[in-house]
Amino acid sequence: MASRCSICEIDPDSGFCHGVMRAVNKAEEFLSGGGRLYSLGAMVHNTEEIERLASKGLATIDIEGMKGLVTGSTVLIRAHGEPPATYSLARSLDITIIDCTCPVVLKLQRDIAAAFKRVSLSGGSVVIFGKRDHAEVNGLVGQTGGKAVVIENLSEIDQLDFSHHIELFSQTTRDPGEYEALKTACLERTADITIHDTICVQVRNRHKKLADFAAGHDVILFVSGRDSSNGKVLFELCLKHNPRSYWVDAPDSVQDVWLVGAASVGITGATSTPRWQLEAVAAIASDPSRSVI
Ligand code: SF4
């Protein structure tokens, strides 16, 4: 009988990004005082981590839920950020905000607001390369009063108005290669464009290193909640460099058949995957009592 694998390595660059780590730490700090805390939207796209925080007193609500809170309640704004309308609503309801918007996202929001002021004078447009209705994108579009144009992929490029000036931004977690392709295609159509490099540095560096990590192992176990858009992008990257890449949405979903004949298994995940979950998957994948054949 072969043991599950000879070598299991957790990707040293995986685990929460700084923005998510900061938000989780702030939530835990507040909850340690025994108070009730409401998160506007899931703090991380990871069911087990949400359940862990819920057991400490964190409740996840949506904007309608926020309208039903009693005066003086405390609401956490997650790393993705929110549009200005959310802050106005909180003020009108006398709700206390713990603002965990990632500083990188906050800067992007401010840059988009400033760009919108500029293009409004010239009849131009702010374009955001991002996923429609993603929380971060909603927060970004909110800086323009809903006027920014969201483009999800290169095939939508002809929806853009190239007859006036464009200021182009990207959601922080988009695929750097896809953004490069979009930038090139825009420059083929106009010179009247300002391109902003707004993919998070942590995400950009991660892409480069993850490709090598995926190629360097027989099998990749990619740990992430199914709702994570960053997870989808990074998993595709793993698949591109290692066809034996498998999505693991909970540690007990690792299947023996995936590991047959694998001498080395790499364990990695999205920016919303906590380190403890990667360790749990590593323990299962390297458990010598569980054989693969
Ligand atoms: S991926 Fe980057 S921008 Fe997004 S929350 Fe994490 S650190 Fe912030």
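Residues numbered from 1 in each chain as written. Predicted model: local features only at pLDDT ≥ 70, side-chain atom pairs only at ≥ 80, totals over all residues.

**Q** So what's going on with the pairing of strand 11 (residues 245-248)? Which residues, and what values?
**A** Here strand 10 (residues 219-223) pairs with strand 11 via four bridges, running parallel. Its bridge partner lying in strand 11, Ile220 is registered against Ser245. On the question of chirality, the crossover connecting strand 10 to the parallel strand 11 by way of helix 9 (residues 229-241) is right-handed. (Pairing = 2+ DSSP bridges. Helix = DSSP H or I, 4+ residues; strand = E, 2+ residues; numbered from the N terminus. Right-handed = clockwise from strand over helix to strand, strands pointing away.)

**Q** Just give me the short version of the domain arrangement of the chain, but keep the residues and values in it.
**A** Partitioning the chain into domains gives domain 1 (7-15 + 203-285), domain 2 (18-101) and domain 3 (104-199). Computed from C-alpha coordinates alone, the two centres of domain 1 and domain 2 are separated by 28 Å. Contact with domain 1, which involves 10 residues of that partner, is made by seven residues of domain 2. By residue class, the composition of the side of domain 1 that touches domain 2 is two nonpolar, seven polar and one charged. (Domains from an automatic or database assignment. Contact = placed C-beta atoms within 7 Å. Nonpolar A, V, L, I, M, F, W, Y, C, P; charged D, E, K, R; others polar.)

**Q** Explain the sheet that holds strand 6 (residues 125-129) to me, using residue names and the numbers behind them.
**A** As a general point, the strands of a sheet are linked pairwise by backbone hydrogen bonds and lie either parallel or antiparallel. The strand order across the open sheet built from four strands is 7-6-8-9, with neighbouring strands paired in parallel fashion. Edge positions in the sheet fall to strand 7 (149-151) and strand 9 (193-195), since each has one partner strand and no second. Each strand axis lies, on average, 25 degrees off the axis of its neighbour in the sheet, ignoring direction. Along the sheet, helix 7 (residues 176-189) makes contact with strand 6, strand 8 (166-170) and strand 9, crossing strand 9 at roughly 165 degrees. (Axes fitted to C-alpha atoms, helices over the stretch in contact; angles between N-to-C directions.)

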